[in-house]
Each structure stands twice: as C-alpha cells, then as structure tokens.
Amino acid sequence: MPTTKDQVHEFIGSHSIVIFSKTTCPYCKMAKQVFDKMNKKYLAIELNERDDGDEIQSILGEMTGARTVPRVFVNGVCLGGGTDVKKLYENGELQKMF
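Residues numbered from 1 in each chain as written. Predicted model: local features only at pLDDT ≥ 70, side-chain atom pairs only at ≥ 80, totals over all residues. Heavy atoms only, no water.

- The name an unreviewed UniProt entry assigns to the protein chain is Glutaredoxin-2, mitochondrial, from the organism Bombus vosnesenskii.
- Database annotation for the protein chain, UniProt heading Subunit (unreviewed entry): "Monomer; active form. Homodimer; inactive form. The homodimer is probably linked by 1 2Fe-2S cluster."
- What the UniProt record of the protein chain gives under Sequence similarities (unreviewed entry) is the line "Belongs to the glutaredoxin family." (UniProt positions renumbered as here; feature names shortened; annotations may be inferred.)

Now the structure itself:
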C-alpha cells in the first residue's frame, strides 16, 4: 500500500519528535545526536530502508519546501535539517520547545 500524505501526517502527529532520515547521512546523525544529548526520544523514519522512502521524501518536499534529509519535526512543526536543529540547540531555543 503506497504511503500517503495522511500517513506522513500520522507519523508527525503521533510523536512529539519525528526525524525523517537516512542511515548514511551525517546531518541526520547530527540531528539525532542533539536529541540524544537532551535524552529526548524520537521516531526516526529511515527513508533509505523503506520501499516508499522516495515517495515520503517527495511528500516532505511538498510539505516543507525541501526534499533534503533530515526533515525534523517537533510538536508537528518542521524545524528544518540537522544544521538547523544543532543551531537551535546551541542557542537554547530547542530546549524551550519541551
């Protein structure tokens, strides 16, 4: 069954932190490390390990304006990618979201 926008929204709506990621991506690892440092649990959806990964990536591109990974969502809001998350963490803004 193909992934739909509704299913992507379900992932985002059912977890406070969702990282659409690829296992080989250093920026994805960077984003995960930030949440690991904060002891925050997240749902990592590894697009390169899913048959529908390209479709999900296209849906994320439509939703966020970018197809790059990671696409990080906190409380339903897209924060951007790994560099964005790291910057928010370093300036204390990420911590205020919880």
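Picking up where we left off.
### Things to note about the packing of helix α1 (residues 5-14) against helix α3 (residues 53-64)
When two helices pack together, their arrangement is given by the angle between the helix axes and the distance between those axes.
Inference 1: Close contact between α1 and α3 brings their axes to 10 Å; oriented N to C, the two are set at 80°. By the angle between their directions, the pair α1 and α3 is classed as roughly perpendicular. Here α1 contributes K5, V8, H9 and I12 to the contact with α3, which in turn contributes I56, I59, L60, E62 and M63. (Axes fitted to C-alpha atoms, helices over the stretch in contact; angles between N-to-C directions. Helix = DSSP H or I, 4+ residues; strand = E, 2+ residues; numbered from the N terminus. Parallel < 35°, antiparallel > 145°, perpendicular 65-115°, else oblique. Contact = heavy atoms within 4.5 Å.)

### Looking at unusual backbone geometry
Inference 1: With an omega of 0°, the peptide bond between V69 and P70 qualifies as cis.
Inference 2: By secondary structure assignment, the location of P70 is in the loop between α3 and β3 (71-74).
Inference 3: Phi at N39 takes a positive value of approximately 55°, unusual for a residue other than glycine.
Inference 4: Along the polypeptide, N39 turns up in the loop between α2 (26-37) and β2 (43-46).
Inference 5: Positive phi is not limited to glycine here, since N75 has a value of about 50°.
Inference 6: Turning to its location among the elements, N75 is positioned in the loop between β3 and β4 (77-80).

### So, α2
Inference 1: Taking 1.5 Å of rise per residue, the 12 residues of α2 would be expected to cover 16 Å, and the 16 Å separating its terminal C-alpha atoms lies within 8% of that figure.
Inference 2: Listing the buried residues of α2 in full gives C28, A31, K32, V34 and F35. All buried residues of α2 lie within an arc of 150° about the axis, which places them on one face of the element. Turned more than 90 degrees away from the buried face of α2 sit P26 and K37, all of them exposed.
Inference 3: At the C-terminal side of α2, N39 shows a positive phi close to 55°. (Expected span 1.5 Å × (residues − 1). Buried < 20%, exposed > 50% of the residue type's maximum accessible area, 1.4 Å probe, protein only. Arc of directions from axis to C-beta.)

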